[in-house]
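Okay, here's what each chain looks like letter by letter:
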Amino acid sequence: MNFWIPAALMAILAGLIILLPLWRRGTAQVGHREGALAIFVDQLKEVDAERVRGVISPQEAEAAALEIKRRMLAVERQGGDGGKIRTGGTAALFVMAVMVPLLAGGVYLATGAPGISSQPFAERAAERGEDQKIVELAERLKARLQADESGGPIEGWELLAQTYMQMGRYQDAVAALAEILDRPDTRAGHVTQYAEALIAAADGIVTQSAAAAIDRALDMDVLNPAAIFYKAQWLEQDGQVTEARALLVLRLSQEETAQPWMEYFIREINRISTTTGDAAVAMSDFVTVRGPSADDVAAAAEMTADDRADFIQSMVAGLAERLQETPEDLDGWLQLGRAYGVLGQSDKALEAYRAAEGLLSTLAAEDPRHAIVAQGLAANGG
Amino acid sequence: MIPELGQFALALAMAIALVQSVVPMIGAARGNLVWMRSAQSTALGQLLFVGVAFGALMWAFVVSDFTVVNVAENSNSLKPMLFKVAATWGSHEGSLLLWTLILTLFGAGVAMFGSNIPHALRARTLAVQAWISLGFLSFMLFTSNPFLRISPPPVDGNDLNPLLQDVGLAMHPPLLYIGYVGFSIVFSFAVAALIEGRVDAAWARWVRPWTLAAWVSLTAGLALGSWWAYYELGWGGWWFWDPVENVAFMPWLLGTALLHSAIVTEKRGAFKSWTILLAILTFSLSLLGTFIVRSGLLTSVHAFAVDPERGIYILALLGVSIGGSLTLFAARAPSMEGGGLFAPVSREGGLLINNLLLATACGTVLFGTLYPLFLEAVTGDKISVGPPFFNASFVPIMMPLLLVMGFGPFLTWKRADLRGISQRLWMVAAVAAVAALVLWYLVTKGPVLAILAFGLGIWLFLATLQDWGARIKLFRAPFSESLRRARNLPRASHGMTMAHLGLAVCIFGFVGSSAWKEEIVTFAEPGTEVQIAGFDIRFAKVESVPGPNYTAFRATLVVNRAGAFVQNLYPERRIYPVAQSTTTESSIRHTLAGDLYAAISEPAAETAGDVWTLRVIYEPLVNFIWLGSFMLVLGGALSLSDRRLRVGAPRRAKMPEMAQPAE
């Protein structure tokens, strides 16, 4: 059923409620005088009942009755409710009966989301099937990695962790990354991902173990942007807001050409700036800008669901175009295959995985990308 | 669609509240009956639309519509249905919606059942009630939207905190809120009376049923809450002086004082400004409680909203409503006429002491609750004020209250004969003193305060019975005569007796379970045996049992007494994989004499094997607490059913026809 029809009925009902006092004008109303007198008469009866019951003596009853009668006199003296009872004000009620739905409509449009339909859990079986497939693939990958006597290739664990992160299973991501923290080929990026997973698992709080991981990543690569990004968050949460901002600005100024991560830095700096009172910065303050600016990214964040889908489509299309020029980029094909898979375009995903399959021959046998390609092909009906 | 209709209903409710907060007030000032009467339809309209919103949110929880962020964060498709429903008010946003629903429920109650209340007072009261709901509806819509949507929705929801998945807790917030929020209508009546400039005996009578209704449900809510803490938290305690408990307890203390001071206003026309002040302060404490819990100012089991922005909004609401009403009070109170005079020893005097002691006790709890916050704000030191403080300060204040409570019902209005009463009560006092002494003899190690409190409990119990007996001439007249008298006694009178007895029974439970409690905490593995309060308990085994959305480790404890088998206890430790947390499910052998309470948890150190931390507690008389609470609630309900609270005006003014010129 359409949302707007019941909403309109509710709005009309609200208007009628405002007009209701105009209908059945004869309904009984109690004035202060009659109401109070009724109470006092009842109190008199009660005093009498207590006297009969022997709870109070006749003298006490008399005194109490006298007091109540004095109150009745006082009420009589005050008179009714000023004597004047007016009616009228009908026009004002009609105006309000119109204003109420309008105001509510305005508030609703500012706070509601009429475009999103209800999706009860029971009606989402198909979607769950898709997700179940991803879960199964992840579990299979995990089993294979655990069975590997050499501990499993580092890229395999990394992929597993990324899958878990996308599924929101941050603790599992932490566990997967913990497997590869102390390998000879562990890089700063792995340690940073570990810190990221820890922070995500703690609802955005930089815990002590996350902080230790960040420091370790910076020991390995002092320029690692992600590590610096989280270091800044850590400083901010520690109350060192100015230092956090300065760290981000410093890292930006060390770069000469535009990098994709810089947008995040800019946004973070500007977010912090609202509390420190510093001026906002832009990409052009640090490097010569090519491509989408910070404003474009911010605009993308405010897009509607449909616009954002288009935006993602265009980015994917860009990647596909690039791969036409550099067809030997295996990781690029895998990325494209995954992207199409997420977008639900399995035929194109299949094509990308096929292209990747052709590049597998150069890889070592235990390379996890064999498995990824096989899964990708299987998942998209190949 | 349904969540969006809920959202729109909230917006409509807010717009209607806006009308209701202005139109009836102007109508009352100008004597415009149509405008005054609009408060009734808008109050019902508000209830309707907030009810629709609440129903929509509940629907979203029931069908697990994870496009609603609130549902995604606080529910899970695997959760049992009862807790899906209860999750509606389990979150910050949902509990605010429940808060507002109850607020509008009381407003609609006055609109529907307040036909004996003068129209101007009713219109003003409903307008003030609308101010409050306007504040909360806007708070919800603009900072804590319960219908915030997310698309695409997550596959499944995060679980509700499993600690909160309990039948007692499912019912706890609604009851507590009915009490807590119910005092809003008393507040509105007080503010309306201040605006009108007319507080008299009749006013007190009009407000009385609403105060009672709120008090009854707050009492029930507190009792349920402590029952929940007792068997769910796994520590065997029923009250922890936790700030969240305190903020619900303070309105109860002041509400109890209000209930009694309103009697004086009703019967003697005295204590007017004091009653009004109590009405304002009681609801202010409810608001303060909401602020403390909802702002995440405290970190405890209950404080699940941590968001300073919301805190500031509530603080502003708090400032406006409390500051505004107190300012109004300061302006109007001096012009209130004094009521009837009374001697120090009189029913009024007794109730005055009751009020002073309850207010002092409330002040003590307030101090103990807020002091750590202020200290942390000023010096940055974190301290916690716990049971020792409250036991040393709150308990001694309550003791004289018990003493006076025994006398109270015997006192007559205006001037009482203390000597005569003493003659009637010396027997009771003697019995209570002897009982306390016997008790002291039996448990010589028992603390002095506990024995004194127990003696006072006995005193209160017997004195209350004596008063009731005197009223119906029990044993002094033929039994049929007493029965007839009992039937004729106003229900409020039975209600008072029942409630006062209930408090005495509670005291037995409080003292017994805290002063004479026995507790053993030990590492246990299959075969371990412990002895407590005459029971021999053998830790037989631990097995893993699957539940709907958890896995439980269930221990089997074999309880024997004097070689004879008594029963098995099965405490559980439940693990909720989705929410990644655990809860304790205690196992209790209930008897009126005392509870045998067992709980298990994982040992702190990860030792290998089947070693568990076993906690066994024997709590004498603990069930008297809930028995007594039930009597308190029953007493309140009896009073509420008193015919006299529904006295209506015999004549009713008809509204003049439009064509008639104004007089």
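Below you will find a few notes about this structure. (Residues numbered from 1 in each chain as written. Chains lettered and ligands numbered in written order. Predicted model: local features only at pLDDT ≥ 70, side-chain atom pairs only at ≥ 80, totals over all residues.)

### Details of the pairing of strand β3 (residues 535–546) of chain B
Residues and elements named next belong to chain B.
- The pairing of strand β2 (residues 529–532) with β3 spans four bridges and is classified as antiparallel. Following the sheet pairing, E529 is matched in β3 by R538.
- The loop that links β3 with its antiparallel partner strand β4 (residues 551–561) comprises four residues. (Pairing = 2+ DSSP bridges. Helix = DSSP H or I, 4+ residues; strand = E, 2+ residues; numbered from the N terminus.)

### Considering the pairing of strand β9 (residues 594–601) of chain B
Residue and element names in this part refer to chain B.
- Here β9 lies mainly inside the structure; seven of its eight residues are buried.
- In the sheet, strand β8 (residues 587–589) pairs with β9 via three bridges, with the strands oriented antiparallel. Opposite S587, over in β9, you have A598 as the bridge partner.
- Taken together, β8 and the strand that follows it, β9, pair antiparallel across an intervening segment of four residues. (Buried ≥ 20, exposed ≤ 12 C-beta atoms within 10 Å, placed from the backbone.)

### Section: the packing of helix α1 (residues 4–19) of chain A against helix α1 (residues 2–30) of chain B
- Between α1(A) and α1(B), the least distance of the axes is 10 Å, while the angle of their chain directions is 15 degrees. By the angle class used here, α1(A) and α1(B) are roughly parallel. Relative to α1(B), the crossing made by α1(A) is right-handed. Every residue of α1(B) that contacts α1(A) at A:P6, A:A7, A:M10, A:A11, A:A14, A:I17 and A:I18 is listed here: B:L5, B:F8, B:A9, B:L12, B:I16 and B:V19.
- Class assignment of the residues belonging to the contact of α1(A) with α1(B) gives a composition of 13 nonpolar, no polar and no charged. (Axes fitted to C-alpha atoms, helices over the stretch in contact; angles between N-to-C directions. Parallel < 35°, antiparallel > 145°, perpendicular 65-115°, else oblique. Left-handed = near helix turned anticlockwise from the far one by under 90°. Contact = placed C-beta atoms within 7 Å. Nonpolar A, V, L, I, M, F, W, Y, C, P; charged D, E, K, R; others polar.)

### Remarks on unusual backbone geometry
All names here are of chain B.
- A positive phi angle is found at A533, which is not glycine, with a value near 45 degrees.
- When you line up the elements, A533 lands in the loop between β2 and β3.
- A533 sits in the partly exposed class, given 17 other C-beta atoms within 10 Å.
- One non-glycine residue, L621, lies in positive phi territory at about 65 degrees.
- Here L621 is to be found in the loop between β10 (612–620) and α18 (623–640).
- Classification of L621 as buried rests on a count of 24 C-beta atoms within 10 Å.

Purely geometric numbers; function is a separate question.
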